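Residue strings, one per chain:
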Amino acid sequence: MKRDLISMLDVKDDLENIIDLSIQLKKKNKQDEKTHLLAGRTLGMIFEKSSTRTRVSFEVGMEKLGGHALFLSKNDIQMGRGETIEDTALVLSRYVDLIMYRAMSNKAMNELARFATVPVISGLDDKEHPCQVITDLMTIKEHKKSLKGLRFVYIGDGRNNMSHSYLLGCGIAGMDCVIVSPKKYWPDPYYVDEAKKFGIQVTVTDSVVESTKDADVIATDTWVSMGDEAQKEQRLKEFKGFTVTEDMMKKAHPDALFLHCLPAYYGYEVTKEVAHGPQSVIFDEAENRMWAQMGIMVTMMESM
Ligand code: CP
Ligand code: NVA
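Student: How do you make sense of the site of ligand 2 when you look at a structure like this?
Tutor: Inspection of the region around ligand 2 gives L124, H129, N160, N161, D221, T222, S225, M226, C261 and L262 as its neighbouring residues. Between ligand 2 and the protein, one listed contact pairs a nitrogen atom with a side-chain N or O atom of N161 at 2.8 Å. Within the complex, the protein chains bury 95% of what would otherwise be the 270 Å² of accessible surface of ligand 2. Taken atom by atom, the bulk of ligand 2 overlaps the largest pocket. Of the residues in the shell around ligand 2, the class split is four nonpolar, five polar and one charged.

Put into structure tokens, the structure is as follows:
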């Protein structure tokens, strides 16, 4: 049975294996060892939204696995002119071995995965961003050695793809999760309930004061995700006071990490001092997208 990665729940049984494989692939490549585990395989990458990291990291990662990647912008393929997702999935599955899809909606993502006969990996949709959160957990593991029992605090848009995938990722990894967000942007309750099923403590609050106390990891994301542009002015007002600052970092453990999936908007969700400061691991995180996705692609291909 082919395996897809659309939600963090799709890796609930082997998240740590994927992370460890990714760390291994990183190590081997740094030692100039070849890791051609997907030699001769082709990845099709459909993009409905912009990307720097996802596009480049998948493409270069596939090359390091001995395979090949195709960039398919929605506007350049017939899907942009109305060819159905079903036909697109069925046709692409005849040419490529794996599909990566950055979708406008989770509905479209699920539809593509339903009809594709090859594994589909989400490169983000409006509900989740699993590749990024697997990467973030890998980055935390590299720095902290283990994940279980850590206190993870996310400040910002609690209802976006990163917040939802963090909730599930923390649950699977056994990390307590605090989401700090204006009430209007609290997470979809489904993700909070699913996270709690793993037995972790989940706190959702709109109180920024003291929220970073005892944190091992502090993360944020843009206040205006792709697709939310029409609400930009309103959001910038509503998120005022939720900027991650050096003062907030000081309240966390002295060795707490700062994470941001990027792109960052300095002065809004985080100050540049924090993002480029001593506790920030944002560029390790960006690099790790490539290694983590290599681990993910190899794992998904094992199902074929
Ligand atoms: N973090 C992330 O997914 O970045 P891109 O939008 O540049 O791919
Ligand atoms: N939440 C952001 C993540 C970008 C990588 C967005 O969806 O735009």
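Student: I tried to follow the sheet that holds strand β1 (residues 42-47) on my own but got confused; where do I start?
Tutor: An order of β2-β1-β3-β4 is seen for the four strands of this open sheet, with the pairing classed as parallel. Whereas interior strands pair on both sides, the edge strands pair on one side only; in this sheet they are β2 (68-73) and β4 (120-122). Shown here is a sheet whose adjacent strand axes are inclined to one another by a mean of 20 degrees, direction ignored. Sheet contacts for helix α3 (residues 85-95): β1, β2 and β3 (98-102); angle to β3, the most-contacted strand, approximately 145 degrees.

Student: Even after reading the chapter, I still don't get the site of ligand 1, so can you show me in this structure?
Tutor: S51, T52, R53, T54, R102, H129, Q132, C261, L262 and R289 make up every residue found near ligand 1. Q132 places a side-chain nitrogen or oxygen 3.0 Å from a nitrogen atom of ligand 1. Within the backbone of C261, one N or O atom sits 2.9 Å away from a nitrogen atom of ligand 1. Contact with the protein chains hides 95% of the accessible area of ligand 1, taken as 250 Å² for the molecule alone. Here ligand 1 occupies the largest pocket. Residues that form the shell around ligand 1 fall into these classes: two nonpolar, five polar and three charged.

Student: What exactly am I supposed to notice about helix α6 (residues 161-173) here?
Tutor: Because an α-helix completes one turn every 3.6 residues, residues spaced three or four positions apart along the sequence face the same direction. Given a rise of 1.5 Å per residue, 13 residues ought to cover 18 Å, and the 18 Å separating the end C-alpha atoms of α6 matches this to within 8%. Of all 13 residues making up α6, 13 are buried, and the element is well covered by its neighbours. Between the side-chain oxygen of the N-cap and the backbone nitrogen of M162 there are 3.1 Å, and the N-cap of α6 in question is N160. A positive backbone phi angle near 80 degrees is found at G174, which sits one or two residues after α6.

Rules of the game
- Residues numbered from 1 in each chain as written.
- Chains lettered and ligands numbered in written order.
- Predicted model: local features only at pLDDT ≥ 70, side-chain atom pairs only at ≥ 80, totals over all residues.
- Heavy atoms only, no water.
- Near = heavy atom within 4 Å.
- Polar contact = N/O pair within 3.5 Å; in protein donor to acceptor, adjacent residues only side chain to side chain.
- Areas by Shrake-Rupley, 256 points an atom, 1.4 Å probe, with all protein chains shown as cover.
- 1 Å grid on protein atoms, 1.4 Å probe; cavity = no way out; pocket = protein on both sides within 12 Å on 5 of 7 lines; lining within 4 Å.
- Sits in = over half its atoms within 2 Å of the grid points.
- Nonpolar A, V, L, I, M, F, W, Y, C, P; charged D, E, K, R; others polar.
- Pairing = 2+ DSSP bridges.
- Helix = DSSP H or I, 4+ residues; strand = E, 2+ residues; numbered from the N terminus.
- Axes fitted to C-alpha atoms, helices over the stretch in contact; angles between N-to-C directions.
- Contact = heavy atoms within 4.5 Å.
- Expected span 1.5 Å × (residues − 1).
- Buried < 20%, exposed > 50% of the residue type's maximum accessible area, 1.4 Å probe, protein only.

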